[in-house]
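Coordinate analysis (summary)
The residues making up each chain are set out below.
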Amino acid sequence: MVLEGNPEVGSPRTSDLGHPGTQGSCVLSSPGEDAQPGEEPIKYGELIVLGYNGCLASGDKGRRRSRLALSRRPHANGVKPDVMHHISTPLVSKALSNRGQHSISYTLSRSHSVIVEYTHDSDTDMFQIGRSTENMIDFVVTDTSPGGGAAEGPSAQSTISRYACRILCDRRPPYTARIYAAGFDASSNIFLGERAAKWRTPDGLMDGLTTNGVLVMHPAGGFSEDSAPGVWREISVCGNVYTLRDSRSAQQRGKLVENESNVLQDGSLIDLCGATLLWRTPAGLLRAPTLKQLEAQRQEANAARPQCPVGLSTLAFPSPARGRTAPDKQQPWVYVRCGHVHGYHGWGCRRERGPQERECPLCRLVGPYVPLWLGQEAGLCLDPGPPSHAFAPCGHVCSEKTARYWAQTPLPHGTHAFHAACPFCGAWLTGEHGCVRLIFQGPLD
């Protein structure tokens, strides 16, 4: 088959269309081709899915997990744009049937399509993310329900694309990672149908958006104690940055944001319309608390022997090994409106306000009364500060700066809405501040 090239357009520029890679699973432990035997592979960064607190409810298994490290592959699997073709529709299926040829197809009309072919690029690695469990997807992501857990079962309608996005990492320092909407399917193709938002750029190239879009937010000031939420943007198939559409799947694209890029930063959030991922760089993870530090904080909090101010029983945070099961007798509970910490008790119910509504016996404020659980996903924490604040109304505990950052960070929900949510379970935050300072009572002796 002969495809007619377009000499007026010429070859696409790599910077405009990105560097997608070939099929293959993410390599987590095999050394790169430049690594010495026994050395750990070079890590580009880690992706953490919000809402799972360290592990999926059904357990982390293979490519379906709550956290995944992206490391340099033994051999580069990148490809780069090579040539653009204008073809008639009857030839489209033949052009896309060559599994050895990566391509992006833009259907402009029933009689006109544009296909961009790619060639091998030895300088990049590609990692693909999506709902599909096929081999070319490195990180399988399912919809996260508010309050923790995944929407499971055949009846659950997913809004995450099977081939949602791809991340391209430079194999040489500084190992820059870039994100692009859409991933290559089993036939090594990305297909944008007639109804998909697509357009010709001023320099004669093609670009487009996926149905529900890939949104990215880079935090202001990095992901540290001084962080503040940034502005949500949409990333195109070619990695360009646009303002948000009127609705998630609207045909009209937003405005091009020329002074921003698709380069991932420490703390960048990636929303796939059903799940939100956090990108952490190796340098950023070195500043984050470790699981050992979180366990030391738990033991230190329990060593202070906090007491229920009414029942006078000693309270203790449970071990992470026990998991989030039914609270035990020593579990601390909190009134999320005031922050007073108690042991469990059965009085003060306001059934007309809901089963969790209770009146605090110390200050008489009425509100949710929930057990406290320590946040165990260290990568979600901005600093190693003490566990002093709890999210409302779920009761997950973390440092003050971590709680205040997530409480003021709006996360996309549905096609229009944004809600602040607990990063550990995904529950929508309530109350004036979304979190509360915990007030413990020490032992009387």
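This structure is a prediction, so every number in the text was calculated from the model and none was measured.

Time to look at the sheet that holds strand S21 (residues 366–371). One open sheet accounts for four strands, arranged S19-S18-S21-S20; its pairing is antiparallel. Strands at the two margins of the open sheet, each flanked by one partner only, are strand S19 (341–342) and strand S20 (357–359). The pairing of S20 with S21 spans three bridges and is antiparallel. Along S21, the bridge assignment pairs Glu 357 with Pro 368.

Let us look at the environment of Glu 300. Mapped onto the secondary structure, Glu 300 falls in helix H4 (residues 291–303). When its relative accessible area of 59% is taken as the criterion, Glu 300 is described as exposed. On a C-alpha basis, the gap between Glu 300 and Pro 386 in space is 9.5 Å, while along the polypeptide they are 86 residues apart.

Okay, the side chain of Asn 77 next. Structurally, Asn 77 can be placed in the loop between strand S2 (67–71) and strand S3 (78–87). Here Met 126 takes part through its backbone nitrogen, which lies 2.9 Å from a polar atom of the side chain of Asn 77.

In this section: helix H5 (residues 400–407). Every buried residue of H5 is listed here: Thr 402, Ala 403, Tyr 405, Trp 406 and Ala 407. Buried residues in H5 make contact with strand S13 (214–217), strand S16 (269–271), strand S17 (276–280), strand S23 (389–391), strand S24 (396–398) and strand S27 (435–437).

It is worth spelling out the confidence of the model for the chain at this point. Looking at the chain as a whole, its pLDDT mean stands at 84, while 82% of the residues score no less than 70. The least confident element of the chain, judged by mean pLDDT, is helix H1 (residues 14–17) at 37; the most confident is S16 at 98. Below pLDDT 50 for its whole length, residues 1–33 participates in 122 contacts with residues either more than four positions away or in separate chains.

Taken as a whole, this structure holds 15 salt bridges when the rule is applied. Note that Arg 233 is salt-bridged to Glu 260, the shortest N-O span being 3.0 Å. Placement of the pair is Arg 233 in strand S14 (residues 232–235) and Glu 260 in the loop between strand S15 (241–242) and S16, with a sequence separation of 27 residues. A relative accessible area of 30% means that Glu 260 is categorised as partly exposed. Residues joined by salt bridges that share partners form a network here, namely Lys 43, Glu 46, Arg 67 and Glu 377.

Counted according to the given criterion, the structure contains 13 aromatic pairs. A centroid spacing of 6.3 Å and a plane angle of 65° characterise the contact between Phe 223 and Trp 406, whose relative ring orientation is edge-to-face. Taken together, the positions of Phe 223 in the loop between S13 and S14 and Trp 406 in helix H5 put the pair 183 residues apart, joining distant regions of the chain. The pair Phe 223 / Trp 406 is uniform in exposure class, with both members buried.

Turning next to the environment of Ser 111. The residue Ser 111 is located in the loop between strand S4 (103–109) and strand S5 (112–121) in this model. Taking the relative accessible area as the measure of exposure, Ser 111 reaches 54% and is therefore exposed. Counting along the chain gives 23 residues from Ser 111 to Ser 88, while the straight-line C-alpha distance between them is 5.3 Å.

Before going further, it helps to examine the sheet that holds S5. Taken in spatial order, the four strands of this open sheet run S3-S5-S4-S10, and their pairing is mixed. Only two strands of the sheet have a single partner each, and these edge strands are S3 and strand S10 (189–192). Going from strand to strand, the sheet's axes swing by 15° on average, the running direction of each strand aside. Relative to S5, S4 is paired through six bridges, and the arrangement is antiparallel. When the bridges of S5 are listed, Thr 107 appears paired with Ser 113.

Before going further, it helps to examine empty space enclosed by the protein. One pass over the full model with this rule turns up three cavities of 30 Å³ or more. Roughly 120 Å³ of volume is contained in the largest cavity. Forming the walls of the largest cavity are 15 residues, and the residues nearest its centre are Leu 294, Gln 297, Gly 375, Pro 387 and Cys 398. At the level of secondary structure, the elements contributing two or more residues to the lining of the largest cavity comprise H4 and S24. Broken down by element, the residue count for the lining of the largest cavity peaks at three residues, all from H4. Space inside the second largest cavity adds up to approximately 50 Å³. The wall of the second largest cavity is formed by Val 49, Tyr 52, Leu 56, Arg 64, Arg 65, Val 140, Val 141 and Thr 142. Residue classes in the lining of the second largest cavity are distributed as five nonpolar, one polar and two charged.

Bringing H4 into the picture now. A rise of 1.5 Å per residue sets the reference length of H4, with its 13 residues, at 18 Å; its end C-alpha atoms lie 18 Å apart and thus fit the reference within 8%. Residues Leu 294, Gln 297, Arg 298 and Asn 302 constitute the buried set of H4. Here the buried residues of H4 occupy an arc of 135° about the axis, which is enough to place them on one side. Along H4, exposed side chains directed more than 90 degrees from the buried face belong to Lys 292, Glu 300 and Ala 303. On the buried face of H4, the contacting elements are strand S22 (373–374). After H4 finishes, the residue Arg 305 shows a positive phi value of roughly 50°.

Here we come to the pairing of S2. Looking down a regular strand, the side chains alternate between one sheet face and the other. In terms of burial, S2 is largely enclosed, as four of its five residues are buried. Across five bridges, the pairing between strand S1 (residues 43–49) and S2 is antiparallel. When the bridges of S2 are listed, Gly 45 appears paired with Leu 70.

The rules behind each value
- Residues numbered from 1 in each chain as written.
- Predicted model: local features only at pLDDT ≥ 70, side-chain atom pairs only at ≥ 80, totals over all residues.
- Heavy atoms only, no water.
- Pairing = 2+ DSSP bridges.
- Helix = DSSP H or I, 4+ residues; strand = E, 2+ residues; numbered from the N terminus.
- Buried < 20%, exposed > 50% of the residue type's maximum accessible area, 1.4 Å probe, protein only.
- Polar contact = N/O pair within 3.5 Å; in protein donor to acceptor, adjacent residues only side chain to side chain.
- Contact = heavy atoms within 4.5 Å.
- pLDDT = per-residue confidence, 0-100.
- Salt bridge = Lys/Arg side-chain N within 4 Å of Asp/Glu carboxyl O.
- Phe/Tyr/Trp six-rings, centres within 6.5 Å; stacked < 30°, edge-to-face > 60°.
- Axes fitted to C-alpha atoms, helices over the stretch in contact; angles between N-to-C directions.
- 1 Å grid on protein atoms, 1.4 Å probe; cavity = no way out; pocket = protein on both sides within 12 Å on 5 of 7 lines; lining within 4 Å.
- Points joined across faces, edges and corners; volume = space filled by probe spheres on them.
- Nonpolar A, V, L, I, M, F, W, Y, C, P; charged D, E, K, R; others polar.
- Expected span 1.5 Å × (residues − 1).
- Arc of directions from axis to C-beta.

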